[in-house]
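Structure assessment
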Amino acid sequence: MVLRTVFKRSYTDSSSVIRNLKNPKLFQTQGLINGNWVDSDNAVTFDVSNPASYPNDASFIGKVHSMSPQQYNSAIDSAHEAFKSFKKSTGDERSELLRNLYHLMMDNQDDLAKIIVLENGKPYNDALGEVKYAASFFKWFADLATTTTGNVINSSTNSKKILSIKQPIGVCGIMTPWNFPAAMITRKLGAYVAAGCTGVIKPASETPLTALALGYLQQEAGFPAGVVNILPSKNAAEAGELLCSNPKVKKISFTGSTNVGKLLMKQSSSTLKKLSFELGGNAPFIVFEDADIDSAVDGAIASKFRSSGQTCVCANRLFIHESIYDEFSQKFVSKLKETTTLGDGLQSGVTHGPVIHDRSMKKVRQHIEDATGKGAKVLLGGNPREDLGENFHELTVLGDATTDMMIFEEETFGPVCPLFKFKTEDEVLRLANDTEVGLAGYFYSKDVSRIFRVAEELEVGMVGINTGAISEASLPFGGIKESGFGREGSIYGVEDYTVVKSMVLGI
Ligand code: NAP
């Protein structure tokens, strides 16, 4: 089964899109250290390519400077120095900086979205949505910057008063993935700036250009030098180790895979840093027999196939009650056929782009082959689309999935959707929770008692009930189990970048 396509091998010339940005200064390829744009001091660069046209020549977007260990240490030193004065700035001052940055992102949204499409592959409308979502964290944290409070606490004696205040923790090491090149950074940067911290950011090597564009905009917004340092690196392991082991860095905030999270936790133990980890998921998406099926179909498409299945909160396993399984699967497949178009994200009408690279493609193929080998039926898609480019794969739906398949255990992070049948609520809760990770979960039901029961029983940090879209700045975002700890966005987002100091006042 082949999805509709709008073009064949008519690749977007990535460098010409870059040359035609309305604001050419957004395209930066050097590192940003202490307010200065710098070349790699050991002359190492790496290519950033468009996954939609890879490996065609038109895929080349730019050569980015890879920062050396010395440059990482120098950025940490400058963040440490900048912290001495930035921690004394007022909430109002930090709020103004964040609000400026919010407006600058919105003013440059078209260019930023194009950069995201080029380096990540997601379609333009999704990228524009990401820019707005990413900017919303600056607006959100601009408000929170002015409202951080402490407590006055009664002592057990009348001769003392206890006060607690929240102080910025210090220099933060920030590491982010490629799937939301803007939002994964703003969710952390907005929070650490609101708290009064400074930071050294290592963006994903697939998508450093969006991060560097944000670096340019924060300068325009008036941030003091050293508060935001952005250091692309082609050696993630080296950069991670440097950030985790440097005693001047007081906090690590990482979004990425569970395996890398475990490594960073080990590396951070020598200096006992405060950690926030947003790691991988394996989200269950349950459709009960009393659900509104059409609405569940829409929610499942949004949740499973957004960014071609490459979001951490994507549904990974769909559990459908046996009494509605046939109706749901038919409607799901027909709506996907009618509404989705695979292709280059800058072409109009395209709704779904490529996977990010060959490693993702390999995992997608492995999950499909393993599942079909164990009896899954291909209801939609099932094949790579080499005619579109090496990284394209059809949106794929697999029926009759079973728990012995790899896709039950592992996050696919790609456009493959397995449908599992279930009979009872107890059974589906056991299956949904039968995983080491717990980031997001979803279910559809109209029964109010069940809604509370199931929402409380699902072992995840975030639950979507009768909706497949949960992310926004006000949501406490984060997981439990091996999906990590800490919460981003929301009223809790700033707290992760603060420490509580208690003062006891004798009176
Ligand atoms: P990844 O391999 O863990 O990469 C994420 C970041 O870590 C990148 O900047 C990467 O750098 C860096 N990295 C890789 N190896 C490292 C090492 N040894 N030491 C230090 N840093 C290292 O994850 P991914 O496959 O790119 O991203 C997908 C994963 O992220 C999925 O599991 C997804 O669920 C998770 N995710 C979670 C959330 C959440 O909020 N919970 C959000 C988005 C994604 P390079 O790019 O330079 O290799």
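Residues numbered from 1 in each chain as written. Predicted model: local features only at pLDDT ≥ 70, side-chain atom pairs only at ≥ 80, totals over all residues. Heavy atoms only, no water.

1. Quick notes on the sheet that holds strand S6 (residues 160-168)
Taken together, the 3 strands give an open sheet; going across it, the order is S5-S6-S22, and neighbouring strands pair in antiparallel fashion. Looking at the sheet topology across the chains shown, the edges are occupied by strand S5 (151-154) and strand S22 (498-506). Looking at each pair of strands side by side, their axes are set apart by 25° on average, direction ignored. Here 4 bridges tie S5 to S6, and the two strands are oriented antiparallel to one another. Opposite Ile153, over in S6, you have Ile162 as the bridge partner. (Pairing = 2+ DSSP bridges. Helix = DSSP H or I, 4+ residues; strand = E, 2+ residues; numbered from the N terminus. Axes fitted to C-alpha atoms, helices over the stretch in contact; angles between N-to-C directions.)

2. Observations regarding the domain arrangement of the protein
What the domain assignment lists for the protein is domain 1 (14-279 + 485-501) and domain 2 (283-472). Facing 24 residues of domain 1, the contacting portion of domain 2 comprises 28 residues. Both sides of the domain 1 and domain 2 interface together cover about 2,000 Å² of buried area, and 62% of this is carbon and sulfur. If you look at where domain 1 meets domain 2, you find 1 salt bridge. In this structure, Glu206 and Arg359 form a salt bridge, with 3.8 Å as the shortest nitrogen-oxygen distance. On inspection of domain 1 and its partner domain 2, the count reaches 3 residue pairs in polar contact (both at pLDDT 80 or more). For the side of domain 1 that touches domain 2, the secondary structure elements donating two or more residues are helix H4 (109-120) and helix H5 (124-145). Take the side of domain 1 that touches domain 2: its biggest share by element is 5 residues, from H4. The class makeup of the residues in the side of domain 1 that touches domain 2 is 13 nonpolar, 4 polar and 7 charged. (Domains from an automatic or database assignment. Contact = heavy atoms within 4.5 Å. Buried area = accessible area lost by both parts, 1.4 Å probe. Salt bridge = Lys/Arg side-chain N within 4 Å of Asp/Glu carboxyl O. Polar contact = N/O pair within 3.5 Å; in protein donor to acceptor, adjacent residues only side chain to side chain. Nonpolar A, V, L, I, M, F, W, Y, C, P; charged D, E, K, R; others polar.)

3. A few points about the site of the ligand
Thr176, Trp178, Ser257, Leu279 and Glu411 are the nearest of the 29 residues found near the ligand. Compared with its free state, where it exposes 900 Å², the ligand has 86% of that area covered by protein. Broken down by secondary-structure element, the contributors of at least two residues to the shell around the ligand are helix H6 (183-195), helix H8 (236-245), strand S10 (249-255) and helix H9 (258-268). Residue classes in the shell around the ligand are distributed as 15 nonpolar, 9 polar and 5 charged. Among the domains, domain 1 (14-279 + 485-501) and domain 2 (283-472) are the pair contributing at least three residues each to the shell around the ligand. (Near = heavy atom within 4 Å. Areas by Shrake-Rupley, 256 points an atom, 1.4 Å probe, with all protein chains shown as cover.)

4. Some details on the packing of helix H3 (residues 91-107) against H6
It is the contact of H3 with H6, at a shortest axis distance of 8 Å, that shows an interaxial angle of 155°. Judged by the angle between their axes, H3 and H6 are roughly antiparallel. The element H3 and its partner H6 pack so that their crossing is right-handed. Residues Arg94, Leu98 and Met105 of H3 touch H6, and the partners they reach there are Thr186, Gly190, Val193, Ala194 and Ala195. Tallied by class, residues from the contact of H3 with H6 come to 5 nonpolar, 2 polar and 1 charged. (Parallel < 35°, antiparallel > 145°, perpendicular 65-115°, else oblique. Left-handed = near helix turned anticlockwise from the far one by under 90°.)

5. Some thoughts on the environment of Ala473
Note that Ala473 resides in the loop between strand S19 (462-465) and strand S20 (480-481). Under the relative-accessibility criterion, Ala473 is labelled buried at 9%. Measuring from C-alpha to C-alpha, the distance between Ala473 and Leu318 comes to 26 Å, with 155 residues separating the pair along the chain. Non-local contacts of Ala473, meaning those with residues more than four positions away in its chain, are made with Tyr133, Ser136, Phe137, Trp140, Gly489 and Ser490. (Buried < 20%, exposed > 50% of the residue type's maximum accessible area, 1.4 Å probe, protein only.)

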